[in-house]
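Fold and contact review
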Amino acid sequence: MSFELLEKFRDPALCRKILDKMRAELDGGLRFMEVCGTHTVAIFQSGLRSLLPEEIVHLSGPGCPVCVTHESEVNAFLDLAGRDNVIMATFGDLMRVPGHGGRNLKKAQADGARVKVVYSPFDTLKLAKENPGDLVVFIGVGFETTAPTIAGTMKMAKAQGITNLRVLCFHKTVPTALEALLTDAMTSIDGFILPGHVSAIIGLEPYKFIAEKYGKSAVVTGFEPLDILQSLDQMIGWRNAGEAHVTNNYTRIVSDEGNLKASEIMYEVFEPVDALWRGIGLIPGSGLEIREEWEGFDAKKEFGITIEEGPALPGCKCGEILKGIKQPDECPLFKKACTPANPVGPCMVSTEGSCAAYYKYKLD
Amino acid sequence: MSDKVLLDYGSGGRASQRLISELFLKYLGNDELNRLNDAAELSLSGRLAMSTDSFTVDPIFFPGGNIGSLAVHGTVNDVAMMGAVPRYLTCGYIIEEGLPMDDLETIVASMGEAAEHAGVQIVTGDTKVVPKGAVDKIFINTTGIGEIIVDPSPGGDRARPGDAVLVSGTIGDHGLTILGTREGLDFEAKVESDSASLNHLLVRLVRELPDVHVLRDPTRGGLATTLNEITASSGVCCELVENDLPVRPEVRGGCSILGLDPLYLANEGKFLCIVPQEDADKALEIMRADPLGRDACRIGTMTDANPGKVVLVTQLGGKRLLNMLEGEQLPRIC
């Protein structure tokens, strides 16, 4: 998409017009949750956070893949880093994520572990070819956005006869997590800003239950200020009319059907399993696991890795923050014991986590 | 000489002598360096500015320059930011055994050209060759010294509420070029490092406007980090206007793909300039008259609203904090 076109979605005059309309139409508060961490950052970066009417309460959801990677999963990849003949391949976001005892991949690298930051899972094919005597282990973290590319990489590795590539599969799926939030009695969410990238793969159908079963609205939304404002305005209108809908406002990227080819590849290689979410706990059917036919790529099987629930972090409110029950600055550790340099909980760990965004962008 | 750098060239014996006379003196030679004494004899007076920097950039060759020219530009600029005329440089080379001699020659030649262009002399140096794997190809240290021509010198603690914040050109070009070249990323539009010596422009600026409050080189950590250092040392707030920040569309595009923020990317040929409000237009006029400052513009104002903080006024008119970079920028998952 051209940048000229993108600029139109940042038009200050149009944004002001929608903001005025929202103020005029607001009839009581609106508690909305943006599921995706990129939306959280976009809302802060554009300054929208400081311009929205006070009655609109903005909650950051469990849609940051790094945030919801369970500590047991983090410990698993940190245990693997540094093993003889293992090269860990990862997206950059995971480099600073702390595991037990303050370990992280940056420190592991300094201790001699071979860790390679890749920009695309396909880069691991080259890495595997260049290091035939080593095992390249890719850390498969992320939602439906990244899973198809990793599945595609595995298929390509198979076609090319590459035998020294493994995937440590910790993928999670978004709609199941939203249902878990909606059934939690503690949460109070009027509507969702649905993730643009995830929706580009899965389309609109998997979200329909939000309106049909729970009577809440949800809008697939792009990442520019106008995208976000239009979706909020729409949800205010529906709420005032006593209606609930699930719709797609990001049609320039997302089709209602999603990317069928990508979904097909994803489910050819992976299958749904129960998964542990950091700060939230077990969500049935919310993870993706490598299917038996592809187990030659499965690092969990190769290294006998199991993922287990551990004790909660004392004082950390990330679980409540990810569910939209609390805001980051309501956590007693925020900006004190917990900072981006020394993160305690998941929401401060990732640059797209809600606590990290509050820390980085919010003016006191 | 052999076609690759051998450990012999760092032995201190004949091979070292050949390397010095046939390569380093060929490109960097001047009356003082050619004497090959144990130390250089300099002629300097008054208040001096001195700075040192080590260059370990990967890749060593990149669009717009290489580690040799960069080692001159970086240190010359650091000295000049003090309101000083850079005069002399030292250089220390740590070379990995096996580096192609042609690469070394290219690097030394471009260092010589850069020094000549900046009007500084390299008066003493050192060469070490270390076993393969002990360093990554080549590391260069340069130390620079120059004579300060204004009193008081510009400094981060001198920013005052009401001052205008100016930048000499587009930001993020160098950082994105290095990252793109390192990772073999093929951007649709061409990006090139802005690496350059700014001393001639800076000397003109401080001669005509001696009351420049702050001059800073927004290298690693980029514009945002440098401004945070200034607000921390002055206790004043910097309010930046997002719409006024000069970023090339190709840099904005590259950053958007990689999930990086151009405000945190390194620059090697740009400077930040904070001047009293009444001097802003004159400062811009001087900067724009020089090719290295032709895109100079005003990007914000120092205020007393949020002491010690950098605040960004967004395109929509909202305000948000612009914090210091925490560690290095890393590309994101989605």
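Residues numbered from 1 in each chain as written. Chains lettered and ligands numbered in written order. Predicted model: local features only at pLDDT ≥ 70, side-chain atom pairs only at ≥ 80, totals over all residues. Heavy atoms only, no water.

Focus: the side chain of Thr231 of chain B
Residue and element names in this part refer to chain B. Structurally, the position occupied by Thr231 is in helix H7 (residues 222-234). Looking at Thr231, its side chain comes within polar contact range of the main-chain oxygen of Asn228, at 3.0 Å. In this structure, Thr231 is in contact with Val236, Cys237, Cys238, Met302, Gly308, Lys309 and Val310, ignoring residues within four places of it in sequence. (Helix = DSSP H or I, 4+ residues; strand = E, 2+ residues; numbered from the N terminus. Polar contact = N/O pair within 3.5 Å; in protein donor to acceptor, adjacent residues only side chain to side chain. Contact = heavy atoms within 4.5 Å.)

Some words on the pattern of salt bridges
What the rule picks out here adds up to 37 salt bridges over all chains. Note that Glu239 of chain B is salt-bridged to Lys319 of chain B, the shortest N-O span being 3.5 Å. Here Glu239 of chain B, found in strand S9 (residues 237-241), pairs with Lys319 of chain B, found in strand S13 (residues 319-321); they are 80 residues apart in sequence, far enough to count as distant. Here Lys319 of chain B falls in the partly exposed class, since its relative accessible area comes to 40%. Taken together, the salt bridges that share partners define one network made up of Lys21, Glu25 and Asp233 of chain A. (Salt bridge = Lys/Arg side-chain N within 4 Å of Asp/Glu carboxyl O. Buried < 20%, exposed > 50% of the residue type's maximum accessible area, 1.4 Å probe, protein only.)

What about the nonpolar core?
Among soluble globular proteins, nonpolar side chains are generally buried collectively. Among the nonpolar cores identified, the biggest contains 104 residues, and Phe77, Phe192, Leu194, Tyr207, Ile210 and Phe270 of chain A are the most heavily contacted of them. Phe62, Tyr93, Val129 and Ile138 of chain B belong to the second-largest nonpolar core, a separate cluster that totals 37 residues. (Core = buried A, V, L, I, M, F, W, Y, C linked by side-chain atoms within 4.5 Å.)

A look at the pairing of strand S5 (residues 121-130) of chain B
Within a regular strand, side chains alternate between the sheet's two faces. Residue and element names in this part refer to chain B. With nine bridges connecting them, strand S4 (residues 84-96) and S5 associate as parallel partners. Its bridge partner being in S5, Leu89 is matched across the sheet by Ile122. The β-α-β motif built from S4, the intervening helix H4 (residues 101-118) and the parallel element S5 has right-handed crossover chirality. (Pairing = 2+ DSSP bridges. Right-handed = clockwise from strand over helix to strand, strands pointing away.)

So, the packing of aromatic side chains
To describe a pair of aromatic rings, one takes the distance between the centres and the angle between the planes. Residues and elements named next belong to chain A. Within this structure, the stated rule accounts for eight aromatic pairs over all chains. Here Phe91 and Phe138 contribute two aromatic rings whose centre-to-centre distance is 5.4 Å and whose plane-to-plane angle is 90 degrees, an arrangement assigned as edge-to-face. Taken together, the residues Phe91 in the loop between strand S3 (86-90) and helix H6 (105-110) and Phe138 in strand S5 (residues 135-140) connect sequence positions 47 residues apart. As far as burial versus exposure is concerned, Phe91 and Phe138 are alike and both buried. A centroid spacing of 6.0 Å and a plane angle of 40 degrees characterise the contact between Trp294 and Phe297, whose relative ring orientation is tilted. Judged by relative accessible area, Phe297 falls into the buried class, the value being 8%. (Phe/Tyr/Trp six-rings, centres within 6.5 Å; stacked < 30°, edge-to-face > 60°.)

Some thoughts on the confidence of the model for chain B
Across chain B, pLDDT averages 94, with 98% of residues at or above 70. Reported confidence for the predicted complex is 0.79 by ipTM and 0.86 by pTM. (pLDDT = per-residue confidence, 0-100.)

Some words on the domain arrangement of chain B
Residues and elements named next belong to chain B. Domain annotation for chain B reports domain 1 (7-148) and domain 2 (164-321). A C-alpha centroid distance of 27 Å is found between domain 1 and domain 2. Each side of the interface is counted separately: domain 1 has 24 residues, and domain 2 has 23 residues. Its largest share of buried area at the contact with domain 2, domain 1 owes to Pro63, Asn77 and Met81, together 31% of the area lost on that side. Note that Asp58 and Arg182 form a salt bridge whose closest N and O atoms lie 4.0 Å from each other. Scanning the region where domain 1 abuts domain 2 turns up nine residue pairs in polar contact (both at pLDDT 80 or more). For the side of domain 1 that touches domain 2, the elements supplying multiple residues, two or more each, are strand S2 (61-62), helix H3 (67-80), S4 and H4. Across the side of domain 1 that touches domain 2, the residue classes break down as 15 nonpolar, seven polar and two charged. (Domains from an automatic or database assignment. Buried area = accessible area lost by both parts, 1.4 Å probe. Nonpolar A, V, L, I, M, F, W, Y, C, P; charged D, E, K, R; others polar.)

A closer look at the UniProt feature "domain: PurM-like N-terminal" (unreviewed entry) in chain B
What UniProt calls "domain: PurM-like N-terminal" (unreviewed entry) maps, in this numbering, to residues 38-148 of chain B. Taken end to end, residues 38-148 of chain B is 29% helix and 41% strand, and its two terminal C-alpha atoms sit 27 Å from one another. (UniProt positions renumbered as here; feature names shortened; annotations may be inferred.)

A look at the pairing of strand S1 (residues 30-36) of chain A
Residues and elements named next belong to chain A. Of all seven residues in S1, six are buried; the element is thus mostly enclosed. As judged from the six bridges shared by S1 and strand S2 (residues 56-63), these two strands associate in the parallel manner. Bridged to Met33 within S2 is Leu59.

Let's talk about the interface of chain A and chain B
Interfaces are often sized by the accessible area lost when the parts come together. Taken together, the contacts link 39 residues of chain A with 27 residues of chain B. Carbon and sulfur atoms supply 61% of the area buried between chain A and chain B, which totals about 2,900 Å² over both sides. The interface formed by chain A and chain B holds zero salt bridges in total. Summed over the shared surface of chain A and chain B, the number is five residue pairs in polar contact (both at pLDDT 80 or more). Listed by contribution, the elements that provide at least two residues to the side of chain A that touches chain B are helix H1 (3-8), helix H2 (12-25), helix H3 (37-45), helix H4 (48-51), strand S4 (114-117) and helix H17 (354-361) of chain A. Its residues assigned to classes, the side of chain A that touches chain B shows 19 nonpolar, nine polar and eleven charged.

What to know about the sheet that holds S9 of chain B
Residue and element names in this part refer to chain B. Taken together, the seven strands give an open sheet; going across it, the order is S8-S10-S7-S11-S9-S12-S13, and neighbouring strands pair in mixed fashion. Looking at the sheet topology across the chains shown, the edges are occupied by strand S8 (214-216) and S13. In this sheet, neighbouring strand axes are inclined to one another by 25 degrees on average, regardless of whether the strands run parallel or antiparallel. One ladder, built from four bridges, connects strand S7 (residues 164-167) with strand S10 (residues 272-275); its direction is antiparallel. Each residue of the ladder has a partner; that of Ala164, found in S10, is Val275. (Axes fitted to C-alpha atoms, helices over the stretch in contact; angles between N-to-C directions.)

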